[in-house]
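One letter stands for each residue in the lines below.
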Amino acid sequence: MSATIAMNLRHDWQLEEVTALFNLPFNDLLFQAHSIHREHFDPNEVQISSLLSIKTGSCSEDCGYCPQSARYDSDLTPEALMPIDEVLKSAQQAKDQGASRFCMGAAWRSPKDKDIERVVEMVQGVKSLGMETCVTLGMLTDKQTDALKAGGLDYYNHNLDTSEDYYSEVITTRSYQDRLDTLSRVRDAGINVCCGGIVGMGENDNDRANLLIELANLPQHPESVPINMLVQVEGTPMMGSEKLDPFMFIRMIAVARILMPKSRVRLSAGRTEMSDEMQAFCFFAGANSIFYGDKLLTTDNPMTNHDLSLFERLGVRSAGSSYA
Ligand code: SAM
Ligand code: DTB
Ligand code: SF4
């Protein structure tokens, strides 16, 4: 199969062919991914989003990677839903630092309708600053997706995290199907979908391939695909997982780019542990979005001045956020 696959968006990827992509010699894989990347995007533009945890910790779910689960002793101070003026102050700061999208995350299994009303006010406030909005709040009902859409929300983040096979090793308090159901509600409401996963959780090659297949074979590719490297947090069950080979992470980005040629692939959590050179490889392989700002939700992210200097050294500019 040639690089011409990028001309048509496919939704019928099979494990065998995706495994063959993963197993290509590194240079061949990167060349193929980068060629496809160039067909759809300016290779020197990277979109930047900033994150804010608007409700922190005390979550009832048992996601094995997450410091915000109430079940683990992660040394985190729980915080109730933030007042809107603090959220807007933080959004303005992110905008001043150069972010085009503001992503607000809440440690909920699923929000209450009352919570959605307050989040809608935040969305409207952030939009009025001239930024794009994204929220990640857990599982939603139809009524809630409609309310978020009516409030002007641009993106909803809801990750599949891993393959269906490996899911129960990571989370037991909800099913893969629960995630897919919320994703289809978000899609049906007309909100852009941000959906990806985490690697470095002890999953195997098939799990990584199957996660990307699951994303690419959705009825529509997510507009935004965050690929997170596990941030190992003391107290969580995933602390101490075997570190993933950095080249495997870069391969993950490259295969995501090949399978979803028009989506923004985000080099997401885990960048503090990555060298500048590794990140440059990720951009070459097709990553064209990052989380920017000194914090992710509860853990550290590279300092903004470090990212700005990396962009300058690479000749990378920050982009608007258009879907190709
Ligand atoms: N509670 C909501 C949910 O789970 O959908 C929204 C917030 S949750 C923290 C958002 C995403 O952050 C998770 O789906 C997961 O992919 C990612 N995440 C959480 N902890 C992480 C970690 N330690 N390393 C990498 N990604 C992580
Ligand atoms: C995503 O895929 N990664 C972000 C965002 N979507 C919400 C979150 C990463 C969280 C890393 C751990 C933390 O800071 O708590
Ligand atoms: Fe809760 Fe989300 Fe963390 Fe899971 S990932 S424990 S649902 S905040």
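Residues numbered from 1 in each chain as written. Chains lettered and ligands numbered in written order. Predicted model: local features only at pLDDT ≥ 70, side-chain atom pairs only at ≥ 80, totals over all residues. Heavy atoms only, no water.

By size, the foremost hydrophobic cluster in this structure holds 93 residues, and its most contacted members are Y65, L148, L212, F249 and L259. With 10 residues, the top contributor of residues to this core is helix α9 (residues 246-259). When neighbours within four sequence positions are excluded, Y65 is seen to be in contact with D161, V170, I171, R174, I198, M201, L230, V231, T236 and M238. Counting residues in hydrophobic clusters, the runner-up holds seven residues, among them C103, Y155, A269 and L296. (Core = buried A, V, L, I, M, F, W, Y, C linked by side-chain atoms within 4.5 Å. Buried < 20%, exposed > 50% of the residue type's maximum accessible area, 1.4 Å probe, protein only. Helix = DSSP H or I, 4+ residues; strand = E, 2+ residues; numbered from the N terminus. Contact = heavy atoms within 4.5 Å.)

Around ligand 3, the neighbouring residues are C59, E61, C63, Y65, C66, S69, A107, W108 and R174. Taken together, the residues of the shell around ligand 3 sort by class into six nonpolar, one polar and two charged. (Near = heavy atom within 4 Å. Nonpolar A, V, L, I, M, F, W, Y, C, P; charged D, E, K, R; others polar.)

The subject of this paragraph is helix α4 (residues 113-128). Between its terminal C-alpha atoms α4 stretches 23 Å, which fits the 22 Å expected from 16 residues at 1.5 Å a residue. Residues of α4 that are buried: D115, I116, V119, V120, M122, V123, G125 and V126. Tucked inside the fold, the buried residues of α4 contact β1 (45-55), α3 (84-96), β2 (101-106), β3 (132-136) and α5 (142-150). A positive backbone phi angle near 90° is found at G130, which sits one or two residues after α4. (Expected span 1.5 Å × (residues − 1).)

Looking now at the pairing of strand β9 (residues 287-291). Each regular strand carries side chains that alternate between the two faces of the sheet. Counting buried residues along β9, five of its five residues qualify, which places the element largely inside the surrounding structure. Bridging between strand β8 (residues 264-267) and β9 involves three bridges; their strand directions are parallel. When the bridges of β9 are listed, V265 appears paired with A287. As a crossover connection, the stretch from β8 through helix α10 (residues 276-285) into β9 is right-handed. (Pairing = 2+ DSSP bridges. Right-handed = clockwise from strand over helix to strand, strands pointing away.)

Next up on the list: α9. Relative to the 20 Å expected for 14 residues at 1.5 Å per residue, α9 spans 20 Å between its end C-alpha atoms, a close match to the ideal helical length. The buried fraction of α9 is high, at 12 of 14 residues. Of the residues making up α9, those classed as buried are M248, F249, I250, R251, M252, I253, A254, V255, A256, R257, I258 and L259.

Turning to the confidence of the model for the protein, a few remarks are in order. A low pLDDT score tells you not to read the predicted coordinates there in detail. The predicted model of the protein averages 94 in pLDDT, with 96% of residues at 70 or higher. Low confidence marks residues 1-6, where pLDDT is under 50. Its contacts with residues over four positions away, or in another chain, come to 13 contacts. (pLDDT = per-residue confidence, 0-100.)

This structure, assessed with the given rule, holds 17 salt bridges. Of the charged contacts in the structure, one is a salt bridge between R10 and E17, with a shortest N-O distance of 2.8 Å. Looking at E17, the relative accessible area reads 22%, which means it is partly exposed. In this structure, the salt-bridge partner of R187 is E223, at a minimum N-O distance of 3.0 Å. Of this pair, R187 sits in helix α7 (residues 176-188) while E223 sits in the loop between α8 (205-216) and β7 (224-229), and the two are 36 residues apart along the sequence. (Salt bridge = Lys/Arg side-chain N within 4 Å of Asp/Glu carboxyl O.)

Turning to the environment of E273, a few remarks are in order. With respect to the secondary-structure elements, E273 resides in the loop between β8 and α10. Residues E273 and N301 lie 28 residues apart in sequence; the distance between their C-alpha atoms is 9.2 Å.

A separate point is the state of the cysteines. The term disulfide refers to a covalent linkage connecting the sulfur atoms of a pair of cysteines. Tallied over the full model, the rule gives zero disulfides. Lacking any disulfide linkage, C282 is separated from the closest cysteine sulfur, that of C194, by 17 Å. Judged by its relative accessible area of 0%, C282 is buried. (Disulfide = S-S within 2.5 Å.)

Across all of its chains, the model carries four aromatic pairs by this definition. Geometrically, the ring pair formed by F283 and F311 is edge-to-face, given 6.2 Å between the ring centres and 85° between the ring planes. One end of the pair, F283, is in helix α10; the other, F311, is in helix α11 (residues 304-314), and 28 residues separate them in sequence. We note that F283, like F311, is buried. (Phe/Tyr/Trp six-rings, centres within 6.5 Å; stacked < 30°, edge-to-face > 60°.)

Quick look at the site of ligand 2 now. The environment of ligand 2 is made up of L51, P67, T136, N157, N159, P226, N228, F291, L296, L297, T298 and T299. A distance of 2.9 Å separates an oxygen atom of ligand 2 from a polar atom in the side chain of N159. Between ligand 2 and T299 there is a distance of 2.8 Å, counted from an oxygen atom to a side-chain nitrogen or oxygen. In isolation ligand 2 has 410 Å² of accessible area, and contact with the protein removes 88% of it. A per-class count over the shell around ligand 2 returns six nonpolar, six polar and no charged. (Polar contact = N/O pair within 3.5 Å; in protein donor to acceptor, adjacent residues only side chain to side chain. Areas by Shrake-Rupley, 256 points an atom, 1.4 Å probe, with all protein chains shown as cover.)

Let's shift gears to the side chain of D62. Inspection of the secondary structure puts D62 in the loop between β1 and α3. Here D62 occupies a buried position and makes no salt bridge, while the nearest side chain of opposite charge, R71, is found at 4.7 Å. For D62, the side chain forms a polar contact with the side chain of T172, separated by 2.5 Å. Residues in contact with D62, not counting those within four places in the same chain, are S69, R71, Y72, V170, I171, T172 and T173. (Lys, Arg positive; Asp, Glu negative; His and termini not counted.)

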